[in-house]
Amino acid sequence: MTEAPSRPVTFPTARRHLFDPPGEVLQWQRQGALHRMTFADGHLGWLLTGHSAARTVLADNRFSNRTELTHPPVAHPLARQENRQPLPGFFLRMDQPEHTRFRRLLTGQFTVRRMRQLEPRIEEITSDRLDAMERGDRPADLVQAFALPIPSLVICELLGVPYGDREQFQRDSAALLNLESSAEQMGAALVDLMAYMRDLVLRKRAEPADDLLGGLVAGGELDDEELTGVALLLLIAGHETTANMLALGTFALLRDPAQLALLRDDPAVAESAVEELLRYLTIIHMGPVRTALEDVELDGHLIRAGESVAFSLPAANRDPERFENPDTLDVTRPATGHLSFGHGIHQCLGQQLARAEMRIAYPALLRRFPGLRLAVPPEEVPMRSHMTIYGVHRLPVTW
Ligand code: HEM
């Protein structure tokens, strides 16, 4: 049996296997859900590895997600106090009741029904990308040819962001999510993106538009700063996440041909396969983080007011107390209850959109190219280990 760590741990990031969480975090999980952890700025807080405890804390409003209260689990270029000012409208980092005001305005835009209505357009976009791949060169980079453009086009159309501007915002958003960017690079990317979004908001004010951002502008409840923050959050969250699921998920399936065949050959499997890939791969791998607003007892420990708790969602999603054979990819399992979209008031606003994109895109890709395979040895695929969202930088494939 592995010893429980006797000294505070640091947030584990070194993976031994492409798709598995770092080994030690799973070992610690067997010793308990909570472990003392030293954050990147020296703060002594906690690491949370258990599924049930993670759900409990994420749903507990005695824990805050405000930027200025939370500590960074891993070194972050913008972690210095003066950089940790709240952005108006960036409601992911707000607590109730402020958060509720924004979430209420947006929930109606992201309903299951609304996303179902979007499906024909997602199918069309997917099929266009596959046509372009078929016409293009082999090998191809699946990230640039398929995984990134699909969610990017969808969120641009939904929000009302000109897709022609993508080079700029994709470059800035990549710099913003790269933990190896310098503080200057990250700061500049944020300033650029904010300026771009603010300009877009002003354009929608001048010329009313029938899209989500145009609707929020016309609704009149948010000022320009708030609209800028909302649009920024939706654009970043709306394309980087699903893009990485599409590419990493395809990589995982290519490494497991039996599971790939199940998803390719049986349309009824798509729904459970998407949930299982979300659980198995858990691309949000360095957080979230919450900070106790008062003393809270959990799992036999006292979390004191002001202490931050960093979640390992990849570990929680591999918790054997919640999932049988958690380290096995089984696209037919009813994988409900994973925490890949978070839980509680901040649970992913775009989850139905992400699900629809994945449910359509994976099977379409596998059916169009039944001979799809990696064009390089798996160990040569560059992994996004130092990005806040896990995945691959490139996925060279051929067929
Ligand atoms: C596979 C894709 C996705 C994954 C794995 C994912 C994951 C997550 C997670 C874990 C959270 C909660 C963070 C926390 O509690 O601190 C979250 C929140 C959020 N996500 Fe997603 N997301 C995905 C796709 C999307 C898409 C397509 C959108 C599109 C619009 C989106 C928009 C948001 C927003 C706005 C929030 C903040 C919600 C709030 O604070 O109330 N996400 N997401």
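What counts as what
- Residues numbered from 1 in each chain as written.
- Predicted model: local features only at pLDDT ≥ 70, side-chain atom pairs only at ≥ 80, totals over all residues.
- Heavy atoms only, no water.
- Pairing = 2+ DSSP bridges.
- Helix = DSSP H or I, 4+ residues; strand = E, 2+ residues; numbered from the N terminus.
- Donors = N, O, S within 2.8 Å, 3.2 Å for Na, K, Ca; no water.
- Contact = heavy atoms within 4.5 Å.
- Polar contact = N/O pair within 3.5 Å; in protein donor to acceptor, adjacent residues only side chain to side chain.
- Buried < 20%, exposed > 50% of the residue type's maximum accessible area, 1.4 Å probe, protein only.
- Near = heavy atom within 4 Å.
- Nonpolar A, V, L, I, M, F, W, Y, C, P; charged D, E, K, R; others polar.
- Phe/Tyr/Trp six-rings, centres within 6.5 Å; stacked < 30°, edge-to-face > 60°.
- Lys NZ or Arg CZ within 6 Å of the ring centre and 35° of its normal.

## Details of the sheet that holds strand β1 (residues 34–38)
Part 1 of the argument: In space, the five strands of this open sheet follow the order β1-β2-β8-β5-β3, with mixed pairing throughout. Single-partner strands in this sheet number two, and they are β1 and β3 (63–64).
Part 2 of the argument: When β3 meets strand β5 (residues 289–292), the two strands line up antiparallel, connected through two bridges. Following the sheet pairing, Phe-63 is matched in β5 by Ala-292.

## Structural notes on the coordination of the iron atom of the ligand
Part 1 of the argument: Of all protein atoms, Cys-348 (SG) alone acts as a donor to the iron atom of the ligand, lying 2.3 Å away.
Part 2 of the argument: When you line up the elements, Cys-348 lands in the loop between α13 (313–316) and α14 (351–368).

## What to know about the environment of Arg-318
Part 1 of the argument: Note on placement: Arg-318 falls in the loop between α13 and α14.
Part 2 of the argument: With 38 residues separating them along the chain, Arg-318 and Tyr-280 place their C-alpha atoms 7.4 Å apart.
Part 3 of the argument: Leave out the neighbours within four places in its chain, and Arg-318 touches Phe-19, Asp-20, Pro-21, Leu-26, Gln-29, Arg-279, Tyr-280, Pro-326 and Asp-327.
Part 4 of the argument: Among the polar contacts listed, one links the side chain of Arg-318 to the side chain of Asp-20, at a separation of 2.9 Å.
Part 5 of the argument: In this structure the side chain of Arg-318 is engaged in a polar contact, spanning 2.9 Å, whose partner is the side chain of Asp-327.

## What to know about the pairing of strand β8 (residues 308–311)
Here is the key point about a regular strand: its side chains alternate between the two faces of the sheet.
Part 1 of the argument: Of the two faces of β8, the one carrying Ser-308 and Ala-310 and the one carrying Val-309 and Phe-311 are both buried.
Part 2 of the argument: Pairing geometry for strand β2 (residues 44–48) and β8, over three bridges, is parallel. Across the sheet, Leu-47 pairs through a bridge with Ala-310, a residue of β8.
Part 3 of the argument: For β5 and β8, the ladder comprises three bridges, and the chain directions are antiparallel. Within β8, the residue paired with Val-289 across the bridge is Ala-310.

## Considering the pairing of β1
Part 1 of the argument: Sheet topology places β1 next to β2; five bridges connect them, and they run antiparallel. When the bridges of β2 are listed, Met-37 appears paired with Gly-45.
Part 2 of the argument: Connecting the antiparallel pair β1 and β2 is a turn made up of five residues, with Gly-42 showing a positive phi of about 95°.

## Details of the environment of Ala-54
Part 1 of the argument: With respect to the helices and strands, the residue Ala-54 is situated in helix α2 (residues 51–58).
Part 2 of the argument: Ala-54 gets classed as buried once you look at its relative accessible area, which sits at 2%.
Part 3 of the argument: Between the C-alpha atom of Ala-54 and that of Glu-357, which follows or precedes it by 303 residues, the distance is 27 Å.

## Side note on the site of the ligand
Part 1 of the argument: Taken together, 28 residues lie near the ligand, and His-99, Arg-103, Arg-290, His-346 and Cys-348 sit nearest.
Part 2 of the argument: Here an oxygen atom of the ligand and a side-chain polar atom of Arg-103 are 2.7 Å apart.
Part 3 of the argument: Here Arg-290 contributes a side-chain N or O atom positioned 2.7 Å from an oxygen atom of the ligand.
Part 4 of the argument: It is helix α10 (residues 224–254) that contributes the most residues to the shell around the ligand, seven residues altogether.
Part 5 of the argument: Grouping the amino acids of the shell around the ligand by side-chain chemistry returns 17 nonpolar, nine polar and two charged.

## Focus on the packing of aromatic side chains
Part 1 of the argument: Enumeration according to the criterion identifies four aromatic pairs in this entry.
Part 2 of the argument: With a centroid separation of 6.1 Å and an interplanar angle of 5°, the aromatic rings of Phe-91 and Phe-102 are classed as stacked. In this pair, Phe-91 sits in the loop between β3 and α3 (98–107) while Phe-102 sits in helix α3, placing the two residues 11 residues apart along the sequence. Just as Phe-91 is buried, Phe-102 falls in that class too.
Part 3 of the argument: When the ring of Phe-369 is compared with that of Trp-399, the centres are 4.5 Å apart and the planes differ by 40°; the resulting orientation is tilted. A residue pair is termed long-range when its members are at least 10 positions apart, and Phe-369 in the loop between α14 and β9 (373–374) and Trp-399 in the segment after β10 (396–398) qualify at 30 residues.
Part 4 of the argument: Judged by relative accessible area, Phe-369 falls into the buried class, the value being 3%.
Part 5 of the argument: The positively charged end of Arg-36 is found above the aromatic ring belonging to Trp-46, 4.0 Å away from the centroid.
Part 6 of the argument: The ring of Phe-102 has Arg-101 lying over it, and the distance from NZ or CZ to the ring centre is 5.0 Å.

Any functional reading would require information that these geometric values do not contain.
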